[in-house]
Amino acid sequence: MNSRKAGQAKIGVVVLIIAAVIAVLYFTSDVFKTKINVAADQYAHWTPENIAKDPENYLNFCEQQAKAAVQKLKASQIAVAQNRANLEAMHGEAAEKITLGNKALQELKTVYKDASAANSWPATWQGAPRDQDWVKRQIVSFSRQIVSQESLKAKTEAGIKQLDVQATKIQEANSQAQEQIGEIKTSRETLKVQKITSDLSQQLSNIGATLRATISTASESTGTITLDQLKADSATTVDEAEFSKIMGM
């Protein structure tokens, strides 16, 4: 009885953890979300009553769902890694542009101030003559580009942090899924033990019945004869006349 309760408790834990694992995927994949909505009908079938009636197939169902979740988690893990690599590349490129842009902006601002103070237009920058309007337009353009790249850099940093959090969740969910696959296998073996125990009880019952019959026979073979035995023996005495008639003698 205790082993049966323990088996049912393990099955309950399996359900809760698998639900947590699937929840991670549900909110990270639209495709998986659709599949989960369809699978919800399957889960609805496994009421406590149906689980009690067919625990083995219920564990098979849970194992299939857990293994499917592991595969989806692996795919999500790869996708997160790819997205993180892309964001890192964008982040690095934005940081480089910001550094170059600030350097160029400071140079142009110095050129503009010096040329304006000396009234020496056109001024030379990057080995080419630049008039006053060009320098002003370029200063404004560099400033806008730097602001844009700084915004992009901040967004990629935030995106990388979000992906790192997601990667941690996926890793934890994968560990839980693997753990629950092991729990399912353990629960399945527990059910087998319970089934064997039930069969053994029946076998022992049969053996007991046979043994009682054997003991009864042995008790009757003590070398003495009781009145009950005489009565039974007389009941089984062959009627010679009847026998001869049957045989046509």
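Each value, and the rule that gives it
- Residues numbered from 1 in each chain as written.
- Predicted model: local features only at pLDDT ≥ 70, side-chain atom pairs only at ≥ 80, totals over all residues.
- Heavy atoms only, no water.
- Helix = DSSP H or I, 4+ residues; strand = E, 2+ residues; numbered from the N terminus.
- Buried < 20%, exposed > 50% of the residue type's maximum accessible area, 1.4 Å probe, protein only.
- Contact = heavy atoms within 4.5 Å.
- Areas by Shrake-Rupley, 256 points an atom, 1.4 Å probe, with all protein chains shown as cover.
- pLDDT = per-residue confidence, 0-100.
- Phe/Tyr/Trp six-rings, centres within 6.5 Å; stacked < 30°, edge-to-face > 60°.
- Core = buried A, V, L, I, M, F, W, Y, C linked by side-chain atoms within 4.5 Å.
- Salt bridge = Lys/Arg side-chain N within 4 Å of Asp/Glu carboxyl O.
- Polar contact = N/O pair within 3.5 Å; in protein donor to acceptor, adjacent residues only side chain to side chain.

Chemist: Which parts of the structure should I look at to understand the overall build of the protein?
Modeler: In terms of helices and strands, the protein carries seven helices and two strands. When the helices and strands of the protein are listed from N to C terminus, the series reads α-α-α-α-β-β-α-α-α. For the protein, with 249 residues in total, the buried portion stands at 25%. The contacts in the protein between residues at least 6 apart in sequence include a share of 73% that link residues at least 24 apart. Accessible surface computed for the protein: about 17100 Å², of which carbon and sulfur atoms make up 56%.

Chemist: In this structure, what is going on with the confidence of the model for the protein? I would like to understand it.
Modeler: Caution applies to low-pLDDT parts of the model: their predicted coordinates are not meant to be read in detail. Across the protein, pLDDT averages 76, with 61% of residues at or above 70. For residues 207-227, every residue scores under 50 in pLDDT, and the model assigns this stretch three contacts once sequence neighbours within four places are set aside.

Chemist: Looking at this structure, how should I read the packing of aromatic side chains?
Modeler: For any pair of aromatic rings, the description rests on two quantities: the centre-to-centre distance and the angle between the ring planes. On inspection of all chains with the given rule, the structure shows three aromatic pairs. Ring plane angle 55 degrees and centroid distance 5.5 Å describe the contact between tyrosine 112 and tryptophan 121, whose orientation is recorded as tilted. Among the residues examined, tryptophan 121 registers a relative accessible area of 23% and is labelled partly exposed. By the ring-pair criterion, three or more aromatic residues cluster together here, those being Trp125, Trp134 and Phe142.

Chemist: What am I meant to see in the nonpolar core here?
Modeler: The tendency in soluble globular proteins is for nonpolar side chains to be buried side by side. In this structure, Trp46, Ile51, Tyr58, Leu59, Phe61, Cys62, Ala66, Val70, Ala177, Ile181, Ile184 and Leu191 together form the largest nonpolar core, which totals twelve residues. Here this core gets six residues from one element, more than from any other, and that element is helix 4 (residues 55-118). Discounting residues that sit within four places of it in the chain, leucine 191 has contacts with Pro55, Glu56 and Leu59. Formed by eleven residues, the second largest nonpolar core is a distinct cluster that contains Trp125, Val135, Ile139 and Phe142.

Chemist: Please clarify how unusual backbone geometry should be interpreted in this entry.
Modeler: Peptide bonds are trans in most cases, and residues, glycine excluded, mostly fall at negative phi. Note that the residue after tryptophan 121, namely proline 122, is joined by a cis bond; omega there is -5 degrees. In this model, asparagine 119 sits at a positive phi of 50 degrees, which is unusual for a non-glycine residue. Position of asparagine 119 among the secondary structure elements: in the loop between helix 4 and strand 1 (123-125). Given a relative accessible area of 66%, asparagine 119 falls into the exposed group. Here the phi dihedral of glutamine 126 falls at roughly 60 degrees; this positive angle occurs in a residue that is not glycine. Considering the arrangement of structural elements, one finds glutamine 126 in the loop between strand 1 and strand 2 (128-130).

Chemist: What is the right way to look at the pattern of salt bridges in this model?
Modeler: A side chain of one charge can pair with a side chain of the opposite charge when the charged atoms of the two come close. What the rule picks out here adds up to seven salt bridges. Residue arginine 84 pairs with glutamate 88 through a salt bridge whose shortest N-O separation is 2.0 Å. In this pair, arginine 84 and glutamate 88 are both assigned in helix 4, four residues apart and thus about one turn of the helix distant. Among the ionic pairs, glutamate 107 bridges to lysine 103, the shortest N-O distance being 2.8 Å.

Chemist: Where do I start with the environment of threonine 168 in this structure?
Modeler: Within the secondary structure, threonine 168 is located in helix 5 (residues 132-220). Separated by 91 residues in sequence, threonine 168 and glutamine 77 place their C-alpha atoms 9.6 Å apart. Separated by 3.0 Å, the side chain of threonine 168 and the backbone oxygen of aspartate 164 make a polar contact.

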